Amino acid sequence: MINKNDEIIVTIEGYNSEGQGIARADGFVVFVPFSVLGEKIKVHIIKVTKSYAVGKIVQILEPSKERVNPPCPYFSKCGGCALQHMNYQATLQAKAEIVKSALVKIGGFRDIQNVEIVPSNKKYFYRNKASFPLFIDDNGNLQVAMFKGLTHDPVFIENCLITDELINKVAVVFKDVANKFYSDSKKHFKYLVVRAIDGKVLVTVVSDVHIKNAKVMFDGLKNGLGLDENSLGLLECKKISDNNVILEGDVTQLCGIKYLNCKIMDINIQISAKSFFQVNLDIMQKIYKKVIKNAENKLVVDAYSGAGLMSALLAKSAKQVYGLEIVKEATEDANRMAKENNITNLVNINCDVAEKLPEVISMVGENALLVLDPPRKGVDQKVIDAILQSQVKEIAYVSCNPATLARDLKLLKDVGYQLKEVVAYDMFPQTQHVETFVKLEK
Ligand SMILES: C[S@@+](CC[C@H](N)C(=O)[O-])C[C@H]1O[C@@H](n2cnc3c(N)ncnc32)[C@H](O)[C@@H]1O
């Protein structure tokens, strides 16, 4: 029996979905954050529930060879990264294990072999987007922050090692500008959302009041960053409710550019602040290439299509592509992109996949390729039902959450789909998160 405040010695046997070490004591599962496979550790039990306990490291009695000094000064306080305490190869093994474990335990794929995982070219500074919560400190100064793990408590930061260096620079300059010129209104600024690609930047300030004198903020950012009005955009998003959705309200252009114009894989795109766009461009391209291989000469439904870059690439080899996406701005981005690149075999539909898929999938027929790339919560039961009705033979499922992926695959396995390929991708180095590509056939 394990009790809170016990000190026990455990050996790490694997990882849970949060990247925490798993150990066993008295037949009980103990999760140990910031531990490495194989380590013998003295832990202080800080939490006990019916099914598991959580132990905090007191002393590492036998450290792993894979253990390294985390380079970030905020590591273990900030909730952004979970794996900086092990070398990169060990993080990859941990993530491959997380995917395999979900497929076996949740999906019921008992005979799954080791999961291949594709590394990211950049191990740090890879994120092209960051959403920093903003706080006023005890001295009345605005601070840029990250949240502590699983809380809304701030960790004030100067630099985030997984975020693009230009975005970090924006955060520093924004903080100076807000403290210098917005002493009365800075308390209304709630989040700083920055997206940077190819040296161009979109800065969205989430505020509960309209930002006055936006030109002052824009000029401060422009001068501090050394950018011109063709490579910098300032936008605002009015925060309407106190929930976790950061860009919930309308995003309004204040000064400079409204979209990020860039060319990726030979497609000219314009990405708006509100559209979903993959955060790691190297891994994004590797996954897209994998999906596209399955599309040649087929009718394709790209469900959960975001700003439409993957749909456009699919359209290059497919007969016809239907992109289904719920965010209006993302569908607008996708439509502009199709027009600008003269893509005539792509139809973007602004809709809820759960509502529209039954109609679209029955129209394309069973020989079509269905691409699913849903948000973390996975797909709706209605989507599974539509797939079942359609008898579509091929599905390419891209997921950023192994647990919901495995849940959905179990449902699809139960109606006759077979798992043909599983490849994990390190879209989010240093964090516990992992992207997975799965090919299913019937
Ligand atoms: C993981 S992203 C993938 C986007 C795109 N495939 C890409 O690679 O950039 C999931 C997308 O699904 C959209 N989405 C979420 N729920 C949806 C729903 N019920 N119907 C349609 N789209 C939805 C989100 O807005 C987001 O753009």
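As the structure is a computational prediction, the values presented were derived from the model and not from experiment.

Caption draft 1: Just the pattern of salt bridges, in detail. Scanning all chains against the criterion turns up 21 salt bridges. Here K95 makes a salt bridge to D426, at a shortest N to O gap of 2.7 Å. A residue pair is termed long-range when its members are at least 10 positions apart, and K95 in helix α1 (residues 88–105) and D426 in the loop between β22 (418–425) and β23 (435–441) qualify at 331 residues. Salt-bridge contacts for E355 lead to K382; the nearest nitrogen and oxygen are separated by 2.8 Å. Here K382 lies in helix α8 (residues 381–390) and E355 lies in helix α7 (residues 353–364), a separation of 27 residues in the sequence. The exposed category is assigned to E355, whose relative accessible area is 52%. Owing to a relative accessible area of 41%, K382 belongs among the partly exposed residues under this scheme. Residues joined in a network through salt bridges with shared partners are K215, D219, K222 and E229.

Caption draft 2: Spotlight on unusual backbone geometry. Located in the positive-phi region is S76, a residue other than glycine, with phi close to 85°. On the secondary structure map, S76 appears in the loop between β6 (52–62) and α1. Since its relative accessible area comes to 41%, S76 is described here as partly exposed. In this structure, N213 takes a positive phi of about 50° despite not being glycine. You can see N213 is positioned in the loop between β12 (200–207) and α3 (214–225).

Caption draft 3: Spatial organisation of the side chain of D426. A relative accessible area of 0% places D426 in the buried class. One polar contact links D426 to K95, side chain to side chain, over a distance of 2.7 Å. With residues up to four places along the chain from it excluded, the contact list for D426 reads Y88, L92, K95, I117, V118, P119, S120, N280, I283 and H433.

Caption draft 4: How the structure looks around the layout of surface pockets. Here the second largest pocket defines a volume of roughly 460 Å³. What lines the second largest pocket is a set of 22 residues, among which Y15, N16, S17, I98 and S101 lie closest to the centre. Those elements that place two or more of their residues in the lining of the second largest pocket are β2 (14–15), β3 (21–25), α1 and α9 (402–414). Class assignment of the residues belonging to the lining of the second largest pocket gives a composition of nine nonpolar, seven polar and six charged. Here the lining of the second largest pocket spans two domains, and each of domain 1 (1–66) and domain 3 (280–441) adds at least three residues to it.

Caption draft 5: Region of interest: empty space enclosed by the protein. For the coordinates displayed, the defined rule picks out two cavities of 30 Å³ or more. In this structure, the largest cavity encloses a volume near 110 Å³. Lining the largest cavity are 13 residues, with C72, C78, C81, Q84 and C160 sitting closest to its centre. For the lining of the largest cavity, the per-class residue count stands at ten nonpolar, three polar and no charged. Estimates place the volume of the second largest cavity at around 50 Å³. Lining the second largest cavity are F132, V144, I157, E158, N159, N168, A171, V172 and K175. Considering each element in turn, the lining of the second largest cavity owes the most residues, four residues, to helix α2 (residues 165–181). Partitioning the lining of the second largest cavity into residue classes produces five nonpolar, two polar and two charged.

Caption draft 6: Region of the structure containing the environment of L440. Residue position: L440 is located in strand β23. Placed 28 residues apart in sequence, L440 and L412 show a C-alpha to C-alpha distance of 8.7 Å. Those residues in contact with L440 that lie beyond four places of it in its chain are K393, E394, I395, L409, L412, Y417, Q418 and L419.

Caption draft 7: Expanded view of the site of the ligand. Near the ligand you find 16 residues, and of these Q278, Y288, E325, V353 and D373 are the closest. Here an oxygen atom of the ligand and a side-chain polar atom of Y288 are 2.6 Å apart. Across the complex, the protein chains shield 89% of the 600 Å² of accessible surface that the ligand would expose by itself. Classifying every residue of the shell around the ligand gives ten nonpolar, three polar and three charged.

Caption draft 8: Region of interest: the side chain of K222. In this fold, K222 is placed in helix α3. The class for K222 is buried, based on a relative accessible area of 17%. If sequence neighbours within four positions are ignored, K222 has contacts with L227, D228, E229 and L232.

Caption draft 9: Broad picture of the domain arrangement of the protein chain. Here the domain parsing of the protein chain yields domain 1 (1–66), domain 2 (129–264) and domain 3 (280–441). On a C-alpha basis, the centres of domain 1 and domain 3 stand 38 Å from each other.

Caption draft 10: Highlighting the sheet that holds β12. Within the open sheet, the seven strands sit side by side as β10-β9-β8-β11-β12-β13-β14. Their pairing is mixed. Since the sheet does not close on itself, it has two edges, and those belong to β10 (154–156) and β14 (251–256), each with one partner. When strand polarity is set aside, the average angle formed by the axes of neighbouring strands in this sheet is 35°. Lying on the sheet, α2 is in contact with β8 (129–136), β9 (142–147), β11 (189–197) and β12; it crosses β11 at an angle near 145°.

Conventions and cut-offs
Residues numbered from 1 in each chain as written. Predicted model: local features only at pLDDT ≥ 70, side-chain atom pairs only at ≥ 80, totals over all residues. Heavy atoms only, no water. Salt bridge = Lys/Arg side-chain N within 4 Å of Asp/Glu carboxyl O. Helix = DSSP H or I, 4+ residues; strand = E, 2+ residues; numbered from the N terminus. Buried < 20%, exposed > 50% of the residue type's maximum accessible area, 1.4 Å probe, protein only. Polar contact = N/O pair within 3.5 Å; in protein donor to acceptor, adjacent residues only side chain to side chain. Contact = heavy atoms within 4.5 Å. 1 Å grid on protein atoms, 1.4 Å probe; cavity = no way out; pocket = protein on both sides within 12 Å on 5 of 7 lines; lining within 4 Å. Points joined across faces, edges and corners; volume = space filled by probe spheres on them. Nonpolar A, V, L, I, M, F, W, Y, C, P; charged D, E, K, R; others polar. Domains from an automatic or database assignment. Near = heavy atom within 4 Å. Areas by Shrake-Rupley, 256 points an atom, 1.4 Å probe, with all protein chains shown as cover. Pairing = 2+ DSSP bridges. Axes fitted to C-alpha atoms, helices over the stretch in contact; angles between N-to-C directions.

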